[in-house]
Structures are given as C-alpha cells and as structure tokens.
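Descriptive structure summary
Letter by letter, the chains look like this.
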Amino acid sequence: MKKLLKLGIPKGSLQDATIALFKRSGWKINVNGRSYFPDINDEDIECALCRAQEMSINVESGVIDAGLTGKDWIAEHQSDVHVVSDLIYSKVSAKPARWVVAVAGDSPMNTLEDLQGKTISTELVQFTRRFFKERNIDVNVKFSWGATEAKIVSGLADAIVEITETESTIRAHNLKVIHEIMQTNTQLIANRAAWEIPAKREKIEQIALLLQSALVAGRLVGIKMNVPETVIEKIVSLLPSLNAPTVASLYKSTWFSVETIVDQSMVRDLIPVLIKEGAEGIIEYPLNKVL
C-alpha cells in the first residue's frame, strides 16, 4: 500500500539528533545499514535519508513531501517551500548556529570591506556571493568540500564563511571572526502542493506539534517533594511553574505533596534552597513531551 507522506530525514551530522528527537516524539526510526529508506513505526510515513544541503531542493520539486533541513540551505538555494516549524536543536546546544566570516588571527583584515578582491572559501557559496554583492564588495568565492578552516592555514583562501556554534574549531585553527552573516536552525518544511492536500497537511502538522513538544520537554524537568504545612507557602513561592505548582494533602498528615515543572538549568540551584527551607523527599524526573 502506498504511504501517505514521504518524509526526508537529514543524513549526516544531524541524523542521530533527528532520530533521537523523533523517538521522544513517538516515532521510532530504524536506519538499516546503507539503506537510504529507514523503517518507521507509522504506516502513513515513508522515510528517506537526504543530505540537509539538498533537502529543500527535493522538497520544492516534490520528490519529498516534507523534510527537515537548515534555514541556511533553504536560503542558499532560495527554495520555494512552506516552512512549517522552527526546530532549534543540534549536536551541541539548543541555540541557533551562526555562519560567520573568519580570517587568520594575525590578519590585518577586521571588516567586510577589508576583503575587497580577496578569496573566500565556503560551502555556502551562492548565499555568500549574494551577501557580498549586496554590499558592493567584490570577492572571489570558492566552494569548499570540507576542512574549510584549514583553507586559510594552507594559503588557499584569505577568509572563510563557516558555520559554528561555539567557535571552538575556529579558535583551534588560530582564526578570528570578523562578521556574522546569518543565524540558522533546523526547520520542518513542506512541498507547497503537498501542504494543500488535507490528509498530508494534517500528518505534517501532527509531526510539527509533537517534535516541538519534545523539544520543549527536553529543556524542562519535573520536581516532586514533600513539604510540611508550616512552610508550604514559602516553598510554593520559590517554585516556578508552567501555571502553578500542584499541591495535594498527604493522607492523614499535616504534610503536602508538591509538584511542578521547571527549567532543568535551574535545578542545581533550586534544590539546595528547597531543602534548606524544609522540603524533603525531592524527586527529579525527565519529560518526554510538553503540550
């Protein structure tokens, strides 16, 4: 039976993170060896692995109904696709990655104008050319097949345009960033014709909803504790929550069970304070989805 939706999964650096996100959302994707068509536990979906750099081209043409790719690659190809949802996740952080212009650390070049007549190496060729052309800066942009940072060290380029999250690789090659040209994150995109088909649109919206809920949940944790009546107001006042903490009386007791959802970055500072104020039996637990 023909599947309802052909879904593109980015092959490469984001593949494992994407599959993990889908698992938290309720879909188990199994990549079988060298096959480009992973199994998925949804009879309406057929998966296809596709490089993120090519995803928007395949979605625009209708080869794939929907897929995940970077905002940068949509801009690179100027693809006419419907952006369903922004999904900020990566191998390193939950922040958008940045495409930056970098030069040698000891270079006298410190501005974009200093690159006039220079050679720039990048994988993001067309966007970079448009970027400099719009600023009337004449540069020679060459495609890089990889190891872009080394192009400056080896003398093959005067500057690079490269993606970074922490700048650690750039600094490791003794380079310095002189300009940020774009922030990018993963986006769920759809073919415009497919988006107009009600059944496909409903399925794509389901995927977007649950992926977003899993991303939100990944930044939050649940905390549950026992609190004596004498300090319940104080404890509740200390607790952030989505709406308000849940408070329930313990059976035949002057104690309460208190439960709330907090940002996981707050937990290490919050728990010692709760204990100091009288909370006991504190439990922290992960969340799969928050809707």
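What counts, and at which threshold
- Along each chain, residue indices are assigned from 1 in the same order as the chain's sequence is written.
- Two thresholds apply to this predicted model, a pLDDT of at least 70 for residue-level local features and 80 or more for giving and counting side-chain atom pairs, whereas whole-chain, interface and lining totals are computed over all residues.
- To obtain the side-chain values, all non-hydrogen atoms of the structure were included, while hydrogens and water were left out.
- UniProt positions are given in the numbering used here, feature names are shortened, and annotations may be inferred rather than shown by experiment.
- Here a strand is any run of E in DSSP of at least two residues, a helix any run of H or I of at least four, and the numbering for each starts at the N terminus.
- Only strands that DSSP links by at least two bridges are regarded as paired with each other.
- All axes are obtained by fitting lines to C-alpha atoms, using only the stretch in contact for helices, and the reported angles, taken between N-to-C directions, cover 0 to 180 degrees.
- Residue contacts are counted whenever heavy atoms from the two residues lie within 4.5 Å of one another.
- Only protein chains enter the area calculation, which uses a 1.4 Å probe; residues under 20% of their type maximum are buried, those over 50% are exposed, and those in between are partly exposed.
- Joining through side-chain atoms within 4.5 Å is the link that ties buried Ala, Val, Leu, Ile, Met, Phe, Trp, Tyr and Cys residues into a set, and such a set is a nonpolar core.
- In this document the domain limits rely on a domain assignment from an automatic tool or a database.
- Any two of the Phe, Tyr and Trp rings considered here, Trp counted by its six-membered ring, make a pair once their centres fall within 6.5 Å; the pair's planes then place it as stacked at under 30 degrees, edge-to-face at over 60, or tilted in between.
- Picture the helix axis, draw a direction to every C-beta atom, and the arc is the one those directions span.
- Summary of the metric used: pLDDT quantifies the predictor's per-residue confidence within the range 0 to 100.
- Here, a salt bridge means any Lys or Arg side-chain nitrogen found within 4 Å of an Asp or Glu carboxyl oxygen.

**Re the UniProt feature "domain: Histidine biosynthesis HisG C-terminal" (unreviewed entry) in the chain**
Mapped onto this structure's residue numbering, the UniProt feature "domain: Histidine biosynthesis HisG C-terminal" (unreviewed entry) falls at residues 217-289. Segment residues 217-289 splits into 27% helix and 40% strand. End C-alpha atoms: 5 Å apart.

**Details of the sheet that holds strand β12 (residues 186-190)**
Strand order in the open sheet formed by five strands is β4-β1-β5-β12-β6, and the pairing between neighbours is mixed. Single-partner strands in this sheet number two, and they are β4 (45-51) and β6 (82-87). Neighbour-to-neighbour, the strand axes of this sheet turn through a mean angle of 30°, independent of strand direction. Relative to strand β1 (residues 5-11), helix α1 (residues 15-25) is tilted by about 135°, and along the sheet it contacts β1, β4 and β5 (66-70).

**What about α1?**
Here α1 has its buried residues at Gln15, Ala17, Thr18, Ile19, Leu21, Phe22 and Ser25. Buried residues in α1 make contact with β1, β2 (29-30), β4, β5 and α8 (198-218). Residue Gly26 follows α1 closely and has a positive phi angle near 115°.

**Considering the nonpolar core**
It is characteristic of soluble globular proteins that their nonpolar side chains tend to be buried jointly. Ranked by internal contacts, the top residues of the largest apolar core, which has 25 residues, are Phe22 and Ile207. Contributions of two or more residues to this core are made by β1, α1, β4, β5, β12 and α8. In terms of residue count, the dominant contributor to this core is α8 (seven residues). Excluding residues that lie within four positions of it along the chain, Ile207 makes contacts with Leu5, Leu7, Phe22, Trp27, Ile45 and Leu188. By size, the runner-up hydrophobic cluster in this structure holds 22 residues, among which are Ile120, Val139, Ala159 and Ile181.

**Focus on the domain arrangement of the chain**
For the chain, the domain assignment lists domain 1 (5-92 + 186-196), domain 2 (97-184) and domain 3 (220-286). Taken over C-alpha atoms, the centre of domain 2 sits 49 Å from the centre of domain 3.

**Notes on the environment of Leu156**
Checked against the element boundaries, Leu156 lands in the loop between α5 (149-153) and β10 (159-164). The contacts of Leu156, once residues within four sequence positions are left out, are Thr119 and Lys151.

**Describing the sheet that holds β10**
One open sheet holds the five strands; their spatial order is β9-β8-β10-β7-β11, and the pairing between them is mixed. Each edge of the sheet is formed by a strand with only one pairing partner; in this case those strands are β9 (140-143) and β11 (175-184). In this sheet, neighbouring strand axes are inclined to one another by 25° on average, regardless of whether the strands run parallel or antiparallel. Here strand β7 (residues 97-104) runs beside β11; their pairing, made up of eight bridges, is antiparallel. Its bridge partner lying in β11, Ala102 is registered against Val177.

**Re the packing of aromatic side chains**
Within a pair of aromatic rings, the relevant descriptors are the distance that separates the centres and the angle that separates the planes. On inspection of all chains with the given rule, the structure shows four aromatic pairs. Summarising the aromatic geometry, the rings of Trp73 and Trp99 are spaced 6.0 Å apart at their centres and angled 90° between planes, so their arrangement reads as edge-to-face. On the criterion of sequence distance, the pair formed by Trp73 in helix α3 (residues 71-77) and Trp99 in strand β7 is long-range, its members being 26 residues apart. Classification of Trp73 by relative accessible area gives buried; the value is 9%. Under the relative-accessibility criterion, Trp99 is labelled buried at 1%. Ring geometry for Phe131 and Phe132: centres 5.4 Å apart, planes at 80°, overall edge-to-face.

**Quick look at helix α4 (residues 125-134)**
Along α4, the positions that sit buried rather than exposed are Val125, Phe127, Thr128, Phe131 and Phe132. Along the axis of α4, the buried residues cluster in a sector spanning 165°; they form a single face. Pointing more than 90 degrees away from the buried face of α4 are the exposed residues Lys133 and Glu134. Buried-residue contacts for α4 involve α3, β7, β8 (119-122), β9, β10 and β11. Positive phi shows up at Asn136, right after α4, with a value of about 55°.

**Section: the confidence of the model for the chain**
The predicted model of the chain averages 93 in pLDDT, with 98% of residues at 70 or higher. Confidence, read as mean pLDDT per element, is least for α5 in the chain (90) and greatest for α4 (98).

**Observations concerning the environment of Leu188**
Here Leu188 is to be found in strand β12. On a C-alpha basis, the gap between Leu188 and Thr69 in space is 6.8 Å, while along the polypeptide they are 119 residues apart.

**Considerations on the pattern of salt bridges**
With the rule as written, the count across this model stands at nine salt bridges. The salt bridge involving Arg192 is made with Asp80; its shortest N-O contact spans 2.6 Å. Of this pair, Arg192 sits in helix α7 (residues 192-195) while Asp80 sits in the loop between α3 and β6, placing them 112 residues apart in sequence. Its relative accessible area of 42% is what places Arg192 among the partly exposed residues. Residues Glu167 and Arg98 are paired through a salt bridge, measuring 2.5 Å at the closest nitrogen-oxygen approach. Taken as a pair, Glu167 in the loop between β10 and α6 (168-172) and Arg98 in strand β7 lie far apart in primary sequence, 69 residues in all. When salt bridges with common partners are traced through the structure, they connect Asp42, Asp44 and Lys203 into a single cluster.

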